[in-house]
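Summary of structural features
Residue-level listing of the chains:
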Amino acid sequence: MKNKIHKYDFLIVGAGLIGAIAALALVQKKFKVLVIDKKNFILKDNRTLAVNANSVDLLKQLGIWNNLKSKPQPIDKIFIKDDISRKPLIFQNEHESMGNVIFNKDMYGLVRKKLLYLKILKTDNNFEINDLSPNKALKINKKNYVFKKIVISIGKNIISNTYHKSIIFDQQHFSYVGFFKHSKVHNNIAYEFFTNHGPLAVLPSPAVNKKKSTFIYSSKNKINKIELKKLIKTKITSSHGKLTFDHSIQKFPIIPHLVKKNDKFIYIGDSLKSIHPVAGQGWNLGVKDIQTLCKIIDQYTIDAKKFNSIYYSRRMFESTIYFSFTSLLNFLYESNFALNNEFIKVGYTALKNFKSLRDVFIKQAMGRINLTD
Ligand SMILES: Cc1cc2nc3c(=O)[nH]c(=O)nc-3n(C[C@H](O)[C@H](O)[C@H](O)COP(=O)(O)OP(=O)(O)OC[C@H]3O[C@@H](n4cnc5c(N)ncnc54)[C@H](O)[C@@H]3O)c2cc1C
């Protein structure tokens, strides 16, 4: 039947790590879902993700967590150091790991496989998003479809499309990501060093012998490989021993943004907001977008008039806080004013002296605090 219209609940545009997982979560709730992506291949992504405790719960619920190729590497402690205060800030949670480091490509591989098995992924589809509308017929690969809801999950690509309005806070940062082996074990400790030129994070990487780590250095200043390796050696040799770097160091542009809500679409993941990787929370916040969407579905029907506005009222607050906090943190360290240093010292001392304040930060980073629902 040539003119048959296929009626679906959700169209998800973008099959990245958030769009694809959102699709699996909605299918688990028995919705009819179709996912489209403009590319027909998985981008080669050698990065790792620090997956927080809340995101682990969702990955377990979807049968992903226990099937990852490389065993996740737990983060049991986080050391935070800067050039202003002499002693490090230590974050530790007694009851469960604060996060786990996994390879992006392991998760991509599994999630893609599931989409293909469910026959809900159509690639090589690059629509003019502005032309998409809920409850309006759309031709995809010669078939007619109608979708009740359209979820936009095209990552940061949203910024280049003028239809979608965003607040952009571009600090001209690039992130440099790589791996190194070390002679001492990392003891499942993650490190964050705040330098005047930008933050350097060193995280345990999946490896059975616990002698491999990954780094993310972000800065607006250009840095070559030799200078970067020297910086990392200065900061980490005492704890990690002799370092041997992998050859490849990848570079990513960082453009934090916060989309302005639009009642036609539901934005999730990096399409809703992208934040500086200093907090290692971008993807974890995307998981919260998915969880909020699923919770609203449990409380209202997807035809409910106020559905989209409820979603935005629940997700914009936390997104704005992370967007502002991560941008402010970089600004304070980078612009080397005496007043900024005083401001940092006050925050640092408060966190150092008050365990209850540290506990709030830990719970927030683990995704265990729900700011809106
Ligand atoms: C260096 C670095 C380190 C990071 N580390 C962490 C971390 O430790 N923890 C953490 O939580 N987060 C981290 N993040 C953030 C995390 O990587 C992102 O938040 C997450 O990958 C975003 O996923 P997404 O699915 O929203 O977007 P993407 O992964 O960008 O996926 C977008 C998808 O949409 C498709 N697409 C694009 N345009 C169109 C179109 N017009 N039509 C159809 N399809 C389209 C693309 O092909 C792609 O498949 C880090 C980010 C960086 C840069």
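Residues numbered from 1 in each chain as written. Predicted model: local features only at pLDDT ≥ 70, side-chain atom pairs only at ≥ 80, totals over all residues.

Some details on the overall build of the protein
- Scanning the protein from N- to C-terminus turns up 8 helices and 20 strands.
- Looking at the 373 residues of the protein, the share that counts as buried comes to 36%.
- When contacts within the protein are restricted to residue pairs at least 6 apart in sequence, those whose partners lie at least 24 apart make up 73%. (Helix = DSSP H or I, 4+ residues; strand = E, 2+ residues; numbered from the N terminus. Buried ≥ 20, exposed ≤ 12 C-beta atoms within 10 Å, placed from the backbone. Contact = placed C-beta atoms within 7 Å.)

A closer look at helix H4 (residues 225-240)
- Between its terminal C-alpha atoms H4 stretches only 19 Å, short of the 22 Å expected from 16 residues at 1.5 Å a residue.
- Thr-234 marks the point of greatest bend in H4, at about 45 degrees.
- Of all the residues in H4, the buried ones are Ile-232, Ile-236 and His-240.
- Looking at the buried side of H4, the elements it contacts are strand E12 (173-182), strand E13 (189-195), strand E14 (198-204), strand E15 (212-219) and strand E16 (243-245).
- Two residues or fewer after H4 comes Gly-241, characterised by a positive phi angle close to 80 degrees. (Expected span 1.5 Å × (residues − 1). Bend = angle between axes of the 7 residues up to and from the residue.)

So, the site of the ligand
- Near the ligand you find 33 residues, and of these Gly-14, Gly-16, Gly-155, Gly-269 and Gly-282 are the closest.
- Breaking the shell around the ligand down by element, the ones donating at least two residues are strand E3 (48-52), E12 and helix H5 (282-299).
- A per-element tally of the shell around the ligand places H5 first, with 4 residues.
- Split by residue class, the shell around the ligand holds 14 nonpolar, 14 polar and 5 charged.
- For the shell around the ligand, the domains that each give at least three residues are domain 1 (5-71 + 103-170 + 255-365) and domain 2 (173-253). (Near = placed C-beta within 6 Å. Nonpolar A, V, L, I, M, F, W, Y, C, P; charged D, E, K, R; others polar. Domains from an automatic or database assignment.)

Some details on helix H2 (residues 53-61)
- Listing the buried residues of H2 in full gives Ala-53, Ser-55, Val-56, Leu-58 and Leu-59.
- Looking at the buried side of H2, the elements it contacts are E3, strand E7 (99-103) and H5.
- Just past H2, the residue Gly-63 takes up positive phi, approximately 70 degrees.

Comments concerning the pairing of E15
- Within E15, 7 of the 8 residues are buried, leaving the element largely enclosed by the surrounding structure.
- Pairing of E12 with E15 involves 8 bridges; the strand directions are antiparallel. In the strand pairing of E15, Phe-180 is matched with Ser-213.
- Strand direction decides the pairing type here: E14 and E15, joined by 5 bridges, are antiparallel. Paired with Leu-200 across the strands is Tyr-217, a residue of E15. (Pairing = 2+ DSSP bridges.)

Here we look at the domain arrangement of the protein
- Each assigned domain of the protein is listed with its residue range as follows: domain 1 (5-71 + 103-170 + 255-365) and domain 2 (173-253).
- Each partner contributes to the interface: domain 1 provides 16 residues, whereas domain 2 provides 16 residues.
- Looking at the side of domain 1 that touches domain 2, the elements that each hand over two or more residues are E3 and helix H6 (307-334).
- Here the element with the most residues in the side of domain 1 that touches domain 2 is H6; it accounts for 3 residues.

A word on the sheet that holds E7
- A sheet is described by the order of its strands in space; here 3 strands give the open sequence E3-E7-E4, paired in antiparallel fashion. Unpaired on one side and paired on the other, E3 and strand E4 (73-75) mark the two borders of the sheet. Averaged over all neighbouring strand pairs, the angle between strand axes comes to 30 degrees, with direction disregarded.
- In this structure, E3 lies alongside E7, joined through 5 bridges in antiparallel fashion. Along E7, the bridge assignment pairs Thr-48 with Phe-103.
- Set on the sheet, H2 makes contact with E3 and E7; between it and E3 the angle comes to about 95 degrees. (Axes fitted to C-alpha atoms, helices over the stretch in contact; angles between N-to-C directions.)

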